[in-house]
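Listed below are the residues making up each chain.
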Amino acid sequence: MPEPEAHEPAAAAPGAHPHPATLKRLEKSSGRLAAHAIARMDEALPWYRAMPPENRSWIGLVAQAGIAAFTEWFRHPDAPQAISTDVFGTAPRELTRAITLRQTVEMVRTTIEVMESAIDEVAAPGDENVLREALLVYAREIAFATAQVYAQAAEARGAWDARLESLVVNAVLSGEADEGAVSRAAALGWHAPEHVCVVLGTAPDGDSELTVEAIRRAARHAKLQVLTGVLGDRLVVIAGGSDNPLAVAKSLIGPYAAGPVVAGPVVPDLLAATRSAQAAAAGLKACSAWQDAPRPVLSDDLLPERAIAGDPAARQQLVEEIYRPLEEAGSALLETLAVYLEQASSLEGAARMLFVHPNTVRYRLRRVTDVTGWSPSDVRSAFTLRIALILGRLADGDLPA
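All values derive from a computational prediction rather than experimental measurement.

Caption draft 1: Here's a closer look at the side chain of Thr-22. Here Thr-22 is to be found in helix H1 (residues 20-44). A polar contact is formed between the side chain of Thr-22 and the side chain of Asp-127, at a distance of 2.6 Å. The contact partners of Thr-22, leaving out residues within four places of it in the chain, are Phe-74, Val-122, Ala-123, Ala-124, Asp-127 and Leu-131.

Caption draft 2: Layout of the packing of aromatic side chains. In total, this model carries two aromatic pairs according to the counting rule given. Relative to Tyr-48, the ring of Trp-47 has its centre 6.3 Å away and its plane inclined at 90 degrees; by these criteria the two rings are edge-to-face. One exposure class covers both Trp-47 and Tyr-48, and it is buried. For Arg-380, the ring lying beneath its charged end belongs to Trp-290, and the centroid distance is 3.5 Å.

Caption draft 3: Local environment of the pairing of strand E3 (residues 234-240). Here E3 lies mainly inside the structure; six of its seven residues are buried. As defined by bridge partners, strand E1 (residues 196-202) adjoins E3 across seven bridges and the pair is classed as antiparallel. The residue of E3 that forms the bridge with Val-199 is Val-237. Where strand E2 (residues 225-231) lies against E3, seven bridges are found, and the strand directions are antiparallel. Within E3, the residue paired with Gln-225 across the bridge is Gly-240. Count of turn residues in the E2/E3 antiparallel hairpin: two residues, of which Gly-232 carries a positive phi of about 65 degrees.

Caption draft 4: Geometry of the side chain of Ser-276. With respect to the secondary-structure elements, Ser-276 resides in helix H12 (residues 273-286). The exposure class assigned to Ser-276 is buried, which follows from its relative accessible area of 0%. Only 3.0 Å separates the side chain of Ser-276 from the backbone nitrogen of Val-198, close enough to count as a polar contact. Contacts of Ser-276, omitting those with residues within four sequence positions, involve Cys-197, Val-198, Gly-264, Pro-265 and Val-267.

Caption draft 5: A look at the pairing of E1. With six of its seven residues buried, E1 lies for the most part within the structure. Inspection of the sheet shows E1 paired to strand E4 (residues 261-263) by three bridges, in the antiparallel sense. Directly across from Gly-201, in E4, lies its bridge partner Val-261.

Caption draft 6: Up close: the sheet that holds strand E5 (residues 297-298). Read across the sheet, five strands follow the order E2-E3-E1-E4-E5 without closing on themselves; strand pairing throughout is mixed. The open sheet is flanked by E2 and E5, the only strands paired with a single partner. Along the sheet, helix H11 (residues 245-252) makes contact with E1, E2, E3, E4 and E5, crossing E1 at roughly 45 degrees. Against the sheet, H12 contacts E1, E3 and E4, and its axis sits at roughly 30 degrees relative to E1.

Here is what the cut-offs are and how they apply
Residues numbered from 1 in each chain as written. Predicted model: local features only at pLDDT ≥ 70, side-chain atom pairs only at ≥ 80, totals over all residues. Heavy atoms only, no water. Helix = DSSP H or I, 4+ residues; strand = E, 2+ residues; numbered from the N terminus. Polar contact = N/O pair within 3.5 Å; in protein donor to acceptor, adjacent residues only side chain to side chain. Contact = heavy atoms within 4.5 Å. Phe/Tyr/Trp six-rings, centres within 6.5 Å; stacked < 30°, edge-to-face > 60°. Buried < 20%, exposed > 50% of the residue type's maximum accessible area, 1.4 Å probe, protein only. Lys NZ or Arg CZ within 6 Å of the ring centre and 35° of its normal. Pairing = 2+ DSSP bridges. Axes fitted to C-alpha atoms, helices over the stretch in contact; angles between N-to-C directions.

Set out below in C-alpha cells:
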C-alpha cells in the first residue's frame, strides 16, 4: 500500500475532536469571556446595574454557565444537549421573577455578542467559520431554552395562582373568609377596592380555565378587579371597583351559561363579601320562583322569594327595612298599606274600609314609598310589601307580652 504524501493531513484518531486546537483555545478563554460578558452587561444594561448584588451574582453564574455549555456543545456537536438545564439550572427559580423575559433576552444577546466578537481571537487559523456557525446554532438553541424556562415558570405560577384564587373564592362563598384570605387575595393582585359584590350563575360546559379567562377579559374591559372560579356547576365572581352591582353583573354576564345570574349587594371589602355571596347564593336558589325575573337580577329584588324559601337574612332584611320603618312612621301607614293590599290595590275600596277620602289613602301610600323605597301601586313591589307585613306581624307575635 503506498504511503500518503507529506502534504496530506493525518487522519484524526477515533473519537477525537475535528478541531482540537480551537476547542483547547475555547476552554482556556471561557473564564475571560464570561468576565467580559459581565463587564459588558454592567456597562450597557441599566437594569443590571440597578439590581441587588445577589441577583447580579446569579446572572453572572448564568453567563458563565452559558459559555461553558457552548464549550460542551462545540466539543460534542452531535450529542443531544439539555441547554435549559445546563445554563439556567445554575440560578434559583426565583430569578425568573426577579428579571423579565426581555431582560433575559438582553443578557443572552450581550453574552452571544461578546463570544461572537472573540471568534477571530479564539478560533484556530482556518476555524473561524466553523466556530461562528456553531455559535449561530447554539444561539438559536439558547433562544428556545430561554422561552421554555419562562413558559414553564409562567405555567407553574399560573397553576399556583389558580389554586390560590380558588381558595379565596371558596372561603368567601362558604362564609370562612378571614385575614388569611385577604392576604392570599393581595398576593393575586387584589388591591382592596372600596366596593365589592359577588355575582353567581351557572358555569358553562367545557374548559373552566377558558371561562375564567373570559371573565377576566370582561373585567378588564369594565375596569373591575375580579377574583373568580368555577365551583361545581357555579361560576363565582367577586368583583371590586363599582358601587352598582347590577352594572357589574351586566358587564360580566357573557361567559355565564343560560339561566339566572344573581348579583349580591355591595359591601365595603373582601371580608364582608361573604354577606354578598350568601345573598347571591340564596337568590340563585330562589330565582326559579320568579319566572319573569330579569337576567341579571339583584339578590335584593328576590327578597320575597328568598324569605319564602327560608333565607333568614332575607326575612330579617324585609322586617328591618320595610316593616319596622313603617311601624315607626305611625300606625296609620301600616294599617293603610294592609287594607290597600287586601282590597286588591283599590284606592276607593281602601278608603271605604278606612272611612277616609281616597286622596288620604293616596297620600299615605306615597309616604309608604318614601319610607320603604317600594311602591304599593307596582305589582312586584306590592308582593314584597305584603311578605314584609306578614313577616313583621309574625316577628311581633313572637315577642314576649
